[in-house]
Amino acid sequence: MSQRMQGQPMIILGEDSQRVKDKDAQEYNISAARAVAEAVRSTLGPKGMDKMLVDSLGDVTVTNDGVTILTEMDIDNPTAEMIVEVAETQEDEAGDGTTTAVAIAGELLKNAEDLLEQDIHPTAIIRGFNLASERAREEVDAVASEVDPDDEELLKSVAETSMTGKGAELEKEVLADLVVRAVRQVTVEADDGSHVVDLQNLKIETQTGRSAGESELLTGAVIDKDPVHDDMPTDFEDARILLVNEPIEVEETDVDTQVSIESPDQLQKFLDKEEQQLREKVDQIAETGANVVFCQKGIDDLAQHYLAKEGILAVRRTKKSDLKFLKNVLDTTIVTDLDAASEADVAEGTVRRDDDDELFYVEGPDSHGVTLLLRGSTDHVVDELERGINDAIDVVSTTVSDGRVLPGGGAIEVELARRLRDYADSVSGREQLAVESFADALELVPRVLAENAGLDSIDLLVDLRAAHESGDEAVGLNAYTGDIDDSFDAGVVEPAHAKEQAIASAAEAANLVLKIDDIIAAGDLSTEGDGDEGGPGGAGGMGGMGGMGGMGGAM
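All values reported here derive from a predicted model rather than from experimental measurement. (Residues numbered from 1 in each chain as written. Predicted model: local features only at pLDDT ≥ 70, side-chain atom pairs only at ≥ 80, totals over all residues. Heavy atoms only, no water.)

A. Region of the structure containing the packing of aromatic side chains. Using the criterion set out here, one finds one aromatic pair in the structure. Measuring from centroid to centroid gives 5.8 Å for Phe 129 and Phe 438, while their planes differ by 70 degrees, and the two rings are edge-to-face. With a gap of 309 residues between them, Phe 129 in helix H5 (residues 122-143) and Phe 438 in helix H13 (residues 431-442) connect regions that are remote in the sequence. With respect to burial, Phe 129 and Phe 438 carry one shared label: buried. In this arrangement the basic side chain of Arg 279 is found over the ring face of Tyr 306, its NZ or CZ atom lying 4.6 Å from the centre. For Arg 353, the ring lying beneath its charged end belongs to Phe 360, and the centroid distance is 4.6 Å. (Phe/Tyr/Trp six-rings, centres within 6.5 Å; stacked < 30°, edge-to-face > 60°. Helix = DSSP H or I, 4+ residues; strand = E, 2+ residues; numbered from the N terminus. Buried < 20%, exposed > 50% of the residue type's maximum accessible area, 1.4 Å probe, protein only. Lys NZ or Arg CZ within 6 Å of the ring centre and 35° of its normal.)

B. Molecular detail of H5. Across its 22 residues, H5 extends 31 Å between first and last C-alpha, which sits within 8% of the 32 Å expected from 1.5 Å per residue. Every buried residue belonging to H5 is among Pro 122, Ala 124, Ile 125, Ile 126, Gly 128, Phe 129, Ala 132, Ser 133, Ala 136, Glu 139, Val 140 and Val 143, and all of these are buried. (Expected span 1.5 Å × (residues − 1).)

C. Expanded view of the pairing of strand E21 (residues 483-486). Relative to E21, strand E20 (residues 475-478) runs antiparallel, the two sharing four bridges. Along E21, the bridge assignment pairs Gly 476 with Asp 485. Joining the antiparallel neighbours E20 and E21 is a turn of four residues, in which Gly 482 adopts a positive phi near 80 degrees. (Pairing = 2+ DSSP bridges.)

D. Representation of the sheet that holds strand E6 (residues 145-146). The strand order E6-E19-E22 describes an open sheet built from three strands, whose pairing is antiparallel. The outermost strands of the open sheet, each flanked by one partner alone, are E6 and strand E22 (493-495). Examined bridge by bridge, E6 and strand E19 (residues 404-407) share two bridges and lie antiparallel to one another. Bridged to Glu 146 within E19 is Arg 404.

E. Region of interest: the sheet that holds strand E10 (residues 216-219). If you walk across this open sheet you meet the three strands as E9-E18-E10, and the pairing is mixed. Both outer strands of the open sheet, strand E9 (202-208) and E10, are each paired with one neighbouring strand and no more. Ignoring strand direction, the axes of neighbouring strands in this sheet form an average angle of 25 degrees. One ladder, built from four bridges, connects E10 with strand E18 (residues 370-376); its direction is antiparallel. (Axes fitted to C-alpha atoms, helices over the stretch in contact; angles between N-to-C directions.)

Encoded structure:
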């Protein structure tokens, strides 16, 4: 890049840099963003397909969870990464709806491209999208139905809708019941009458070898560990439990030390000293009155022997997350220095060993914590099951705390689109076209739901529009029957907060992309083609994703 000054070119960018401007920059960005949306569209809905993601180490992930797909892919394009952030924000804020948010963002940009070709300025499109986004979120609140946190059937419908199309679907009735019961057990009512869900008191543990229908909800904590010594007792009705984050081993020096031993006596003294150190640590534990120890660090073989002789059950290498959960369940502290350990650090409870499952069940006298023990036939099945259950827990929690639900199956999107088109008549200027484009983009959801179910999306959309024009706000697509019917009656229910978040995130991401008219890169913007500045190599030479390494293999 250079500018002429008094006949001499002034170089302000390095020779390896690349610049894409104006329309080419907009095409470049929109192409990259749409490619991300296309990557996850086919996973949407109850009939959505899965993606197989293989990382550089050969590890395989099979999933249709939008945020998992986008974060696992090796994306190397700045615009594409901005769209991935939409999915991550949606996951953090609402727990589900990531595919919907990304798909709407991609469709908004596709429609914006048509407006740009009509010489409508990006700022007018952005203003129109902002107006439409605000209005759509207001209409979500108007359409939403209040939900009673004690309405278990409705909460189960929310959970089942979230699981539909995922690995958890085959046993969704059993799992939805577990999810609702789990969330209700960790929900507390605040002084102002609102409900707060404390997910810190809910933990998921997984196990392979059995079917998903054998999953259980257990009070207290489940620890997937073995006793450190075969002679230790494993069941305690009156357990006195100590949580330790210090190795029960010989203390190592901070610097490299050499010990010179010249005789057998010296060696024996050295070994005796180590044995004494370990004996003291075990005595410190015994003096607290503890008969069960969960240790985050290692336990020396000799210490294991002494603990077994004292009748103390010890578990080593307990996961940090498990130890923190035990701390919540038992309402106790984690000891980081055995020298300062006392009886006050010991918690009462019960410890039971299930030898078939090789698990410890730990309960406190007033356990607030619950563990959802998920079972599946293989590791891949369990991993996908866990992702689906996590989403279900998040949406049920959101529904309980937010207190609003919407009809699913594309019903809310068609209703919002109808209301936005009515609203567009009151919008002056070119922003009106942007509001109408926003309405069209929302209808992508029922269209894709129909396409993924192998149905005619055009006919179904016409039928849905007609039903909503006649006042049936809750009518959506039933992907199983191929018909349109009342989504509430069909049990297809979504949390209102997740939909508001998806609309807001999609609009903001689309506007962020549209606002860029100049891309200045220190190196190549593309992994394919050289191209001139701002020419086809800049926008078209992206190879579909602008250097989205590994993307081709993932999709």
